Amino acid sequence: MFVVTGATGRTGRVVVDELLRAGRGVRAIGRSSHGLAPLAAAGAEPFVAEPTDHAALTEAFNGAEGVYVMVQPNYIPDSPDFPAHQRTIVDAMTVALARTGVGRVVTLSSWGADKPSGTGPVVGLHHLEQRTNTLDAVVTHLRAGYFMENLLGQVETIRGAGVVAAPFDPDIAMPFIATADIGRAAAHSLLTPTSASDILELHGERDLSMAEVAEVIGRIAELPQLRYVQQSIEEFAAAQRRAGVSQSVTGLMVEVVHAINSRHTATLQSRSARTTTSTSIETFVTESLVPQLRTTAVCRR
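The text that follows walks through the structure, step by step, so that each part is easy to find. Note that this is a predicted model, so its numbers are computed, not measured.

1. Comments concerning the overall build of the protein chain
Consideration 1: Scanning the protein chain for helices and strands turns up 11 helices and 12 strands.
Consideration 2: Rg of the C-alpha trace for the protein chain: 19 Å, near the compact-globule value of 19 Å for 301 residues, within the 12% margin.
Consideration 3: Referenced to the eigenvectors of the C-alpha coordinate spread, the extents of the protein chain come out at roughly 55 × 40 × 40 Å.
Consideration 4: Taking all 301 residues of the protein chain together, the buried fraction comes to 50%.
Consideration 5: Taking as baseline every contact in the protein chain between residues at least 6 positions apart, the subset at least 24 positions apart corresponds to 77%.
Consideration 6: Computed over 25 positive and 30 negative side-chain charges, the separation of the two mean positions in the protein chain equals 3 Å.

2. Structural notes on the nonpolar core
Consideration 1: Formed by 40 residues in total, the largest nonpolar core has its most connected members in Phe168, Met174, Phe176 and Met210.
Consideration 2: Of all the elements in the fold, those that place two or more residues in this core are helix H6 (155-161), strand S8 (163-166), strand S9 (174-177), helix H8 (210-220), helix H9 (233-242), helix H10 (247-261) and helix H11 (281-299).
Consideration 3: No other element matches H10, which puts seven residues into this core.
Consideration 4: By size, the runner-up hydrophobic cluster in this structure holds 27 residues, among which are Ile29, Phe61, Ala113 and Leu135.

3. Some words on the sheet that holds strand S10 (residues 198-202)
Consideration 1: Taken in spatial order, the seven strands make up an open sheet running S3-S2-S1-S4-S5-S6-S10, and their pairing is parallel. At either margin of the open sheet sits one strand with a lone partner, and together these are strand S3 (45-48) and S10. On average, adjacent strands in this sheet sit at an angle of 20 degrees to one another, irrespective of strand direction.
Consideration 2: By the bridge criterion, three bridges tie strand S4 (residues 66-69) to strand S5 (residues 104-110) in an arrangement that is parallel. Note that in S5 the partner of Tyr68 across the bridge is Val106.
Consideration 3: Taken strand by strand, helix H1 (residues 10-21) contacts strand S1 (2-4), strand S2 (26-30), S4 and S5, and its axis lies near 160 degrees from that of S1.
Consideration 4: Against the sheet, helix H3 (residues 54-61) touches S1, S2, S3 and S4, its axis set at about 165 degrees to S2.

4. Thoughts on the packing of H1 against helix H7 (residues 179-191)
Consideration 1: Packing of H1 against H7 brings their axes to within 8 Å, and their N-to-C directions diverge by 45 degrees. When the interaxial angle is binned, H1 and H7 end up oblique. You can see that H1 and H7 cross each other, and the crossing is right-handed. Across from Arg10, Thr11, Val14, Val15, Glu18 and Leu19 in H1, the residues of H7 making contact are Thr179, Ala180, Ile182, Gly183, Arg184, Ala186, Ala187, Leu190 and Leu191.
Consideration 2: Each residue belonging to the contact of H1 with H7 can be placed in one class, and the counts come to nine nonpolar, three polar and three charged.

5. What to know about the pattern of salt bridges
Charged atoms that come close allow side chains of opposite charge to pair.
Consideration 1: Taken as a whole and assessed by the stated rule, the structure comprises 14 salt bridges.
Consideration 2: The shortest N-O distance in the salt bridge between Asp207 and Arg271 comes to 2.8 Å. With Asp207 in strand S11 (residues 206-208) and Arg271 in the loop between H10 and H11, this pair connects stretches of sequence that are 64 residues apart.
Consideration 3: Taking relative accessible area as the criterion, Asp207 reaches 38% and is therefore assigned partly exposed.

6. Some thoughts on the pairing of S8
Consideration 1: Of the two faces of S8, both are covered, the one formed by Val163 and Ala165 as well as the one formed by Val164 and Ala166.
Consideration 2: Taken together, the four bridges between S8 and strand S12 (residues 227-230) define a ladder with parallel strand orientation. The partner of Val163 across the bridge, within S12, is Arg227.

7. What about the environment of Ala239?
Consideration 1: Inspection of the secondary structure puts Ala239 in helix H9.
Consideration 2: A residue is classified by how much of its surface remains accessible, and Ala239, at 24% relative accessible area, is partly exposed.
Consideration 3: Residues Ala239 and Leu128 lie 111 residues apart in sequence; the distance between their C-alpha atoms is 30 Å.

8. Side note on the side chain of Glu201
Consideration 1: The topology assignment puts Glu201 in strand S10.
Consideration 2: An unpaired buried charge is present at Glu201: no salt bridge exists, and Arg143, the closest side chain of opposite charge, is 4.7 Å distant.
Consideration 3: A polar atom in the side chain of Glu201 sits 2.8 Å from the side chain of His203.
Consideration 4: Here Leu268 takes part through its backbone nitrogen, which lies 2.8 Å from a polar atom of the side chain of Glu201.
Consideration 5: Those residues in contact with Glu201 that sit more than four places away from it in its chain are Arg143, Thr267, Leu268, Gln269 and Thr275.

Here is what the cut-offs are and how they apply
- Residue positions are counted from 1 within each chain, in the order its sequence is given.
- Local features in this predicted model are restricted to residues whose pLDDT is 70 or higher, and side-chain atom pairs enter the listing and the counts only when it is 80 or higher, whereas totals over whole chains, interfaces and linings include all residues.
- To get the side-chain values, take all heavy atoms of the structure and skip hydrogens and water.
- By the criteria applied, helices consist of DSSP H or I runs no shorter than four residues and strands consist of E runs no shorter than two, each listed in order from the N terminus.
- Two things to know: the radius of gyration comes from C-alpha atoms, and the globule rule equals 2.2 Å times the number of residues to the power 0.38.
- Exposure classes here rest on a 1.4 Å probe applied to the protein chains alone. A residue is buried below 20% of its type maximum, exposed above 50%, and partly exposed in between.
- Residues are treated as being in contact if the distance between any of their heavy atoms lies within 4.5 Å.
- Positive charges come from Lys and Arg alone, negative charges from Asp and Glu alone, with His and the N- and C-terminal ends not counted.
- Where a charge sits is defined by one atom per residue type, namely NZ (Lys), CZ (Arg), CG (Asp) or CD (Glu).
- Residues belong to a common nonpolar core when they are buried Ala, Val, Leu, Ile, Met, Phe, Trp, Tyr or Cys residues joined through side-chain atoms within 4.5 Å.
- We call two strands paired when DSSP finds no fewer than two bridges between them.
- Structural elements are reduced to axes, namely lines fitted to C-alpha atoms, with helices fitted over the stretch in contact, and the angle between N-to-C directions of any two is expressed from 0 to 180 degrees.
- Should an angle fall under 35 degrees it is taken as roughly parallel, and over 145 as roughly antiparallel, whereas 65 to 115 is taken as roughly perpendicular and any remaining angle as oblique.
- Whether a crossing is left-handed or right-handed is set by the direction in which the near helix is turned from the far one by less than a right angle, anticlockwise for left-handed and clockwise for right-handed.
- Put simply, Ala, Val, Leu, Ile, Met, Phe, Trp, Tyr, Cys and Pro go in the nonpolar bin, Asp, Glu, Lys and Arg in the charged bin, and everything else, Gly too, in the polar bin.
- One speaks of a salt bridge when a side-chain nitrogen belonging to Lys or Arg is within 4 Å of a carboxyl oxygen belonging to Asp or Glu.
- Pairing of N or O atoms within 3.5 Å defines a polar contact, subject to two protein rules: one partner must be a possible hydrogen donor and the other a possible acceptor, and residues neighboring in sequence count only if both atoms are side-chain atoms.

Written as structure tokens, this is what we have:
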């Protein structure tokens, strides 16, 4: 039996589906029985627990052959101290894993997690790697690239201003990856026998700059005038604050931008068949982003 934390999230849901498809038992952890209901209907055992509750996690991990461990990758916008929240989750999960003696752990980490500072919330994933490395277990850290799903936040800007706007340098190539591919890679890692801990970077189908991404969106969405506009750091931070994002979280987001633009956050492994995943930016835009653009347009009529 495998245990999946964050089972109702984008990667966790795919991990559950893949493990069930392989005929394996799955205990799916989430914050509510309502959110877990679809996974229970698919055959998973639902388990309601807060990610900071080490006692509940210990119960959930008991008897597991392997565990998929993830820490919320999205910011809590109004958090006064998001890194402290990350550390609380990591420490609770690590305590539970140690108490139950789970022998196989796969973590959702990130490119840049090799750095102990200067990477925004990725520092929390550095902490995750360091803490789980102390376990008497075989641990695989999946250092995923930049989520394609982050582009969904551009829908309103594309509709309203006819641009893709972000603070990243227009020519910086980033490893764009679909979260479904991360989930599939995590399930594959759990199901593949191994005796050695390792780190695997997941680079997506290919590296892309924001300017290239804007060109793809414009072509597929039939918006030939669409272009990429680089925001200044000041403009970016001000927009976050206007949206109600806390000063602490805004600072973390700015740190992410500096880390990527300066290449402080960078992939370390060479692109290979093992690090490359299948979903292209064209597929993602066609199947996920364009339908949201059209939905937004219909709702405004």
